[in-house]
Amino acid sequence: MLDLQFFSSIHAQLGIMTWPLTLLSALMLMLIFERSIFAALNTKTRSKSLQQEIYTLSLTDDAQLEQYVKAHHQDKATLSQGLCMLISHRQFTKSLREEAVSIWLQKKRRQFTSGLKLLNVIGVLSPLIGLLGTVIGLIEMFKGLSVTQGAISPSELADGLGLAMSTTAAGLLIALPAIAASQLFSLWADRTLAKIEYVLNHFNLHLAGVSVDEKGICCTKVCPSNCDNQQDGASNGVKMSEANAS
């Protein structure tokens, strides 16, 4: 109850800056509400389950791959949409698929970071508007004091300064959540898109016949013999270098 009285008292003391600060606060709340709903709907990427599911598909069975695309192309999950796009472009070269994924991720990044720049602008403008209101309030206060006859009591000065400072307080109250929300949503977008990009890069390599594990890179179906030769050559190279060093 005290908090509501505090905010209502500040709002009543904004003076000429009432409408600009009210507009900024309303816009800030709408953006935070919209971004919160978007984040709640897109937080779960289902990266582990989708990654396990796609690795069970046979890359030589076009009918199975087309059936997977038809079953998942309307999924709302961002990662599922990206996997369907890669499967649909599996006939193209690896470099072309990478370009397609890069363009697609840029489009998704714009969706994930929509409104964050406006939140930053609100976080910058609201303290400045509040400070402008404070300066205007101080000018009006001193004009009133200049025409006052007799002694000026400290209570009158305190009341005037309190009214002038209220706009700065209101501007800071708007700026703090706006900047904090912008930074938090930006971190969330970077982390979520990084997970999606990681899985898409793995699957793109899988389409090219390369499997990536935690220990390194090994060929799975394109050139297993070449990989063995490369490993033998690498070991021989190490031995030769050691012999030369000795």
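These lines cover the structure that appears in this document, whether it is placed above or below. (Residues numbered from 1 in each chain as written. Predicted model: local features only at pLDDT ≥ 70, side-chain atom pairs only at ≥ 80, totals over all residues. Heavy atoms only, no water.)

**Examining the overall build of the protein chain**
As a reminder of what qualifies: Put simply, DSSP marks the helices as runs of H or I at least four residues long and the strands as runs of E at least two long, and each gets a number from the N terminus on. Categorising residues by exposure relies on relative accessible area from a 1.4 Å probe, with only protein chains included: less than 20% of the type maximum marks a residue as buried, more than 50% marks it as exposed, and the intermediate range marks it as partly exposed. Note on contacts: a residue pair is in contact if any heavy atoms of the two residues lie within 4.5 Å. Accessible surface is estimated by sampling points in the Shrake-Rupley manner with a 1.4 Å probe; for residues, cover comes only from the protein chains shown.
Helices and strands together make up the secondary structure of the protein chain, namely nine helices and two strands. When the helices and strands of the protein chain are listed from N to C terminus, the series reads α-α-α-α-α-α-α-α-β-β-α. Classification of the 246 residues of the protein chain by burial places 33% in the buried group. For the protein chain, restricting intrachain contacts to residue pairs at least 6 apart in sequence, the fraction spanning at least 24 positions comes to 74%. With an accessible surface of roughly 15,500 Å², the protein chain has 63% of that area assigned to carbon and sulfur atoms.

**Remarks on the packing of helix α3 (residues 47–55) against helix α5 (residues 78–88)**
Inclusion rule: To get an axis, a line is fitted to the C-alpha atoms, and for a helix only the part in contact is used. The angle between two axes follows their N-to-C directions and goes from 0 to 180 degrees. Should an angle fall under 35 degrees it is called roughly parallel, over 145 degrees roughly antiparallel, and 65 to 115 degrees roughly perpendicular, with every other angle called oblique. Each helix crossing is assigned a hand: it is left-handed if the near helix lies turned anticlockwise from the far helix by less than a right angle, otherwise right-handed if that turn is clockwise. Here the term charged refers only to Asp, Glu, Lys and Arg, the term nonpolar to Ala, Val, Leu, Ile, Met, Phe, Trp, Tyr, Cys and Pro, and the term polar to all other amino acids, Gly among them.
The interhelical angle for the contact between α3 and α5, taken along N-to-C directions, is 25°, at an axis separation of 10 Å. The orientation of α3 with respect to α5, classified from their angle, is roughly parallel. For the crossing formed where α3 meets α5, the hand is right-handed. Only Leu79, Ser80 and Leu83 of α5 make contact with α3, whose side of the interface consists of Ser47, Leu50 and Ile54. Residues of the contact of α3 with α5, tallied by class, amount to four nonpolar, two polar and no charged.

**Observations concerning the packing of aromatic side chains**
To be explicit about the condition: In summary, the pairing rule links any two rings of Phe, Tyr or Trp, Trp by its six-membered ring, whose centres are within 6.5 Å, and it sorts them by plane angle into stacked for under 30 degrees, edge-to-face for over 60 and tilted for everything else.
Evaluated as defined, the whole model comprises three aromatic pairs. Here the aromatic rings of Phe38 and Trp188 are separated by 6.1 Å at their centres, their planes lie at 90°, and the arrangement is edge-to-face. Here Phe38 is found in helix α2 (residues 18–42), whereas its partner Trp188 is found in helix α8 (residues 154–207), with 150 residues between them in sequence. The exposure classification of Phe38 matches that of Trp188, with both residues buried. With 5.2 Å between their ring centres and 15° between their planes, Phe112 and Trp188 make a pair best called stacked.

**What about a nonpolar patch on the surface?**
Inclusion rule: Patch members must show over 30% relative accessible area and no salt bridge, and they are joined within 9 Å when carrying like charges or within 5 Å when they are nonpolar side chains of Val, Leu, Ile, Met, Phe, Trp or Tyr. Within this document, salt bridges are pairs made up of a side-chain nitrogen of Lys or Arg and a carboxyl oxygen of Asp or Glu, the two lying within 4 Å of each other.
A contiguous nonpolar surface patch, about 410 Å² in accessible area, is contributed by Leu118, Val121, Val124, Leu125 and Leu128. Tracing the sequence through the fold places Val121 in helix α7 (residues 116–146).

**Regarding the packing of helix α4 (residues 62–72) against α5**
Contact pair α4 / α5: the axes reach a minimum separation of 10 Å and the direction vectors enclose 145°. Read as a crossing pair, α4 and α5 show a hand that is left-handed. Residues Leu65, Tyr68, Val69 and His72 of α4 pack against Ser80, Leu83, Cys84, Ile87 and Ser88 of α5. Among the residues forming the contact of α4 with α5, the class breakdown is six nonpolar, three polar and no charged.

**Description of the nonpolar core**
What counts, and what does not: Buried residues of nine kinds, namely Ala, Val, Leu, Ile, Met, Phe, Trp, Tyr and Cys, make up a nonpolar core once their side-chain atoms join them within 4.5 Å.
Residues Tyr68, Leu83, Leu119 and Leu200 are the most contacted members of the largest nonpolar core, which totals 41 residues. Within the residue set of this core, elements represented by two or more residues are α2, α3, α4, α5, α6 (94–112), α7 and α8. No other element matches α8, which puts 13 residues into this core. Ignoring any residue separated from it by four or fewer positions in sequence, one finds Tyr68 in contact with Leu50, Glu53, Ile54, Leu57, Leu83, Cys84 and Ile87.

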